[in-house]
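# Per-entry structural report
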Amino acid sequence: MNTFSLILLLASLGTGLAFAYDYFKLRPARLAAYKKAVTENPQLPKKEARRLREGTGVVSQLGGLFPIILIVFLFRAFVFEPFRIPSGSMEPTLLPGDFIAVSKWSYGIRNPLTNSVWIETGKPERGDVVVFKYPEDPKIDYIKRVIGVPGDEVIFAGKRIYLRKACVPLENVQPSFINADSEQGNLQRKCTDPQALPLTLIGEVTEQGNTHMETYQVFEESIGEIKHQMQINTRIPDLSQYYFRQKGALRSSWLVPEGYYFVMGDNRDNSKDSRFWGFVPEENMIGKTVGIWMSLEFERGLDSWLPRFIPSSVRFDRVGGID
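Given the structure is predicted, the values throughout are model-derived calculations rather than measurements. (Residues numbered from 1 in each chain as written. Predicted model: local features only at pLDDT ≥ 70, side-chain atom pairs only at ≥ 80, totals over all residues. Heavy atoms only, no water.)

Pairing between the strands of a sheet is mediated by backbone hydrogen bonds and can be parallel or antiparallel. The four strands lie next to each other as β9-β8-β7-β13, forming an open sheet whose pairing is antiparallel. Because the sheet does not close on itself, it has two edges, and the strands there are β9 (195-196) and β13 (253-255). (Pairing = 2+ DSSP bridges. Helix = DSSP H or I, 4+ residues; strand = E, 2+ residues; numbered from the N terminus.)

Moving on, we come to the sheet that holds strand β12 (residues 226-232). Strand order in the open sheet formed by three strands is β10-β11-β12, and the pairing between neighbours is antiparallel. One side of each edge strand has no neighbouring strand; the edge strands of this open sheet are β10 (199-208) and β12. When strand polarity is set aside, the average angle formed by the axes of neighbouring strands in this sheet is 25 degrees. By the bridge criterion, nine bridges tie β10 to strand β11 (residues 213-223) in an arrangement that is antiparallel. The residue bridging Thr206 from the neighbouring strand is Thr215, located in β11. (Axes fitted to C-alpha atoms, helices over the stretch in contact; angles between N-to-C directions.)

In an α-helix, one turn spans 3.6 residues; hence positions three or four apart end up facing the same way. Taking 1.5 Å per residue, 38 residues should reach 56 Å; helix α1 (residues 3-40) reaches 51 Å between its end C-alpha atoms and fits that length. By the largest-angle criterion, Leu26 marks the main kink of α1, which is about 50 degrees, and a proline, Pro28, follows within four residues. Restricting attention to buried positions, one finds in α1 the residues Ser5, Leu8, Ser12, Thr15, Gly16, Ala18, Asp22, Arg30 and Ala37. For α1, the elements touching its buried residues are α2 (46-54) and α3 (58-78). (Expected span 1.5 Å × (residues − 1). Bend = angle between axes of the 7 residues up to and from the residue. Buried < 20%, exposed > 50% of the residue type's maximum accessible area, 1.4 Å probe, protein only. Contact = heavy atoms within 4.5 Å.)

Moving on, we get to the pattern of salt bridges. Enumeration over the complete set of coordinates arrives at 19 salt bridges. The salt bridge partner of Arg318 is Asp98, with a shortest N-O separation of 2.7 Å. Note that Arg318 is positioned in the segment after β17 (313-314) and Asp98 in strand β2 (residues 98-103), a separation of 220 residues in sequence. Of the two residues, Arg318 and Asp98, neither departs from the other in class, the shared state being buried. Taken together, the shared-partner salt bridges in this structure form one network comprising Asp98, Glu297, Arg315 and Arg318. (Salt bridge = Lys/Arg side-chain N within 4 Å of Asp/Glu carboxyl O.)

With respect to the helices and strands, Asp273 occurs in the loop between β14 (260-264) and α5 (274-277). Here Asp273 falls in the buried class, since its relative accessible area comes to 0%. In this structure, the C-alpha to C-alpha distance between Asp273 and Tyr243, residues 30 residues apart in sequence, is 9.6 Å. Within the local environment of Asp273, its side chain forms a polar contact with the side chain of Arg275, the two groups lying 2.8 Å apart. (Polar contact = N/O pair within 3.5 Å; in protein donor to acceptor, adjacent residues only side chain to side chain.)

Geometric descriptors of this kind do not, in isolation, establish any biological role.
As structure tokens, this is what we get:
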């Protein structure tokens, strides 16, 4: 259950009732009093005239909020929903303090309370940056990049992604299918050899870590037509011993079941993603990230007297679309 959507829905219903009661019950008498006052005193002050016409009671004030709250609810539920990036797992594509706009119609018109699909409009595609309910705790929203779609085999080795794209229809494969040694899995594996996602080294960035400076290699990575930046930390060792182990598959290899997606962060050595906890069910998808509408920096020196939750600057250069 989406708590904030529920609050907006209840607020819309409450202010809607107040608006209806005010419009049909209170407004006629109020307008009559306003017309009488204007007729008797053509020089009636504007402030007094507005008070008589619009009313000052609690019901009238609540009713006046109805159009605003309703528009916010509908816009957030079916058009765009704002999210703030809290961590560096998607660097360098998204930075902590970025505020993103997420398209709510890209993957279906959904029930704003339960996230169930009412009308199909599309499916997540390889390379999409998606927001979803974290499978291990649906109260938490995560943002990652889609690497594998149903039927794909994803291999992560030497800090590179190898992808064997789906080429056999999976209509008969149930959502519980995770055994790569089944007949369908063998058919998938006979289609093509895994292909490494193309990489081009474009530079390095240095950031302050917990105890020392960290250096990251930044690459341009291609997933089909989508080109984006990703980064790796050469100091971080292989973590495959901690990866999610799929039944019947080799370590660091995953065959994506029907109805599920394999996602990863662009900051490959600082991202808790499908490598560690598994696949994202399609019903957990919230929407597709389409751009950054605001970006704030919260870097302050130890001698600053301002609290850390107050932004130190606005990063206007980051506003716009993303790859």
